Amino acid sequence: MADIYTRAERSALMAKVRGRGNLTTEQALAKLLRTQGWSGWRRQQVVRGRTAGGERFQVRPDFVFSVRRLVVFVDGCFWHGCPRHGTRPQGHAAFWRAKFRRNRARDRRDTLRLRRAGWRVLRLWEHELKPKARAALLAKLRRVFAWAQKSPTKRSG
């Protein structure tokens with residue numbers, strides 16, 4: 001299908017897209033965490049550390065559970081190349097292949113750095129937040145929270 005915008009218009013639109021998180025997916029997870037009574041998390045908090053070689057790094061996960069030393073990333077199916085739902089634009093195919101490859105390499109690098117710094121890392125796909133997948137996601141979160149700490153922080157009452 002042909003693009004309805006000129007190259008210059010498309011470029012201007014894409015330049016406005018900022019990587020400050022996908023609000024709809026992050027808000028969906030935040031709502032789920034609240035309804036389950038799970039607390040102790042912050043959104044978009046910077047996590048700093050050092051690699052074994054002494055190189056400093058900083059990563060901005062979508063959710064940080066500082067006490068549990070757990071970070072959660074909600075990866076968008078398009079931007080992170082979901083094997084089930086990721087689509088590949090046909091225009092500028094070489095650009096998009098390289099872009100997705102860089103995104104996945106950054107994801108692997110950030111995950112490795114965080115784990116080496118003593119953090120537990122959970123990566124969720126955008127499609128895992130869909131209502132049909134809710135039960136499986138809750139089970140996954142319960143397992144991860146039990147793993148990150150003997151019992152999840154659950155508010156009573």
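Parameters at a glance
Residues numbered from 1 in each chain as written. Predicted model: local features only at pLDDT ≥ 70, side-chain atom pairs only at ≥ 80, totals over all residues. Heavy atoms only, no water. Helix = DSSP H or I, 4+ residues; strand = E, 2+ residues; numbered from the N terminus. Buried < 20%, exposed > 50% of the residue type's maximum accessible area, 1.4 Å probe, protein only. Contact = heavy atoms within 4.5 Å. Areas by Shrake-Rupley, 256 points an atom, 1.4 Å probe, with all protein chains shown as cover. Pairing = 2+ DSSP bridges. Right-handed = clockwise from strand over helix to strand, strands pointing away. Polar contact = N/O pair within 3.5 Å; in protein donor to acceptor, adjacent residues only side chain to side chain. Patch = residues over 30% accessible without salt bridge, like charges linked within 9 Å, V, L, I, M, F, W, Y side chains within 5 Å. Salt bridge = Lys/Arg side-chain N within 4 Å of Asp/Glu carboxyl O. Phe/Tyr/Trp six-rings, centres within 6.5 Å; stacked < 30°, edge-to-face > 60°. Lys NZ or Arg CZ within 6 Å of the ring centre and 35° of its normal.

A. Representation of the overall build of the protein chain in the model. Check the secondary structure of the protein chain and you find 4 helices and 6 strands. For the protein chain, the α and β elements follow one another from N to C terminus as α-α-β-β-β-β-β-α-β-α. A buried classification covers 36% of the 157 residues belonging to the protein chain. Across the protein chain, every contact between residues at least 6 apart in sequence was considered, and the portion connecting residues at least 24 apart equals 56%. Looking at the protein chain as shown, the accessible area adds up to about 10,500 Å², and 53% of this sits on carbon and sulfur atoms.

B. Region of interest: the pairing of strand E6 (residues 120-125). Both strand E5 (residues 70-75) and E6 contribute to a ladder of 6 bridges, which runs parallel. Following the sheet pairing, Asp75 is matched in E6 by Trp125. The parallel pair E5 and E6 is bridged by helix H3 (residues 93-116), and the resulting crossover is right-handed.

C. Region of interest: the side chain of Thr111. Position of Thr111 among the secondary structure elements: in helix H3. Looking at Thr111, its side chain comes within polar contact range of the side chain of Arg123, at 2.9 Å. Setting aside chain neighbours within four positions, we find Thr111 in contact with Val121 and Arg123.

D. Representation of a nonpolar patch on the surface in the model. Judged by side-chain polarity, Ile4, Tyr5 and Leu13 come together as a nonpolar surface patch covering roughly 300 Å² of accessible area. With respect to the element layout, Tyr5 can be found in the segment before helix H1 (7-15).

E. Quick peek at unusual backbone geometry. Positive phi is not limited to glycine here, since Arg69 has a value of about 55°. Residue Arg69 is classed as partly exposed on the basis of its relative accessible area of 35%. Positive phi outside glycine occurs at His92, with the angle close to 55°. Following the sequence through the fold, His92 ends up in the loop between E5 and H3.

F. Layout of the packing of aromatic side chains. The tally for this structure, following the rule as stated, stands at 7 aromatic pairs. Arranged with centres 5.6 Å apart and planes meeting at 65°, the rings of Phe78 and Trp96 form a pair that is edge-to-face. You can see Phe78 sitting in the loop between E5 and H3 and its partner Trp96 sitting in helix H3, a full 18 residues away along the chain. By relative accessible area, Phe78 is classed as partly exposed at 24%. The structure contains a cluster of three or more aromatic residues connected by ring pairs, namely Phe78, Phe95, Trp96 and Phe100. In this arrangement the basic side chain of Arg68 is found over the ring face of Phe145, its NZ or CZ atom lying 4.4 Å from the centre. Lying over the aromatic face of Phe73, Arg123 brings its terminal NZ or CZ to 4.0 Å of the ring centre.

G. Looking closely at the pattern of salt bridges. On inspection of all chains with the given rule, the structure shows 7 salt bridges. Between Arg123 and Asp75 there is a salt bridge, and its shortest N-O distance comes to 3.0 Å. Placement of Arg123 in strand E6 and of Asp75 in strand E5 is noted, with a sequence separation of 48 residues between them. By relative accessible area, which is 6% here, Asp75 ends up buried. Here Lys140 makes a salt bridge to Glu128, at a shortest N to O gap of 2.8 Å. Pair noted here: Lys140 is in helix H4 (residues 134-148) and Glu128 is in the loop between E6 and H4, with a separation of 12 residues, a long-range link. Overall, the relative accessible area of 14% leaves Glu128 in the buried class. Here the salt bridges share partners, and the residues they tie into one network are Asp75, Arg106, Asp107 and Arg123.

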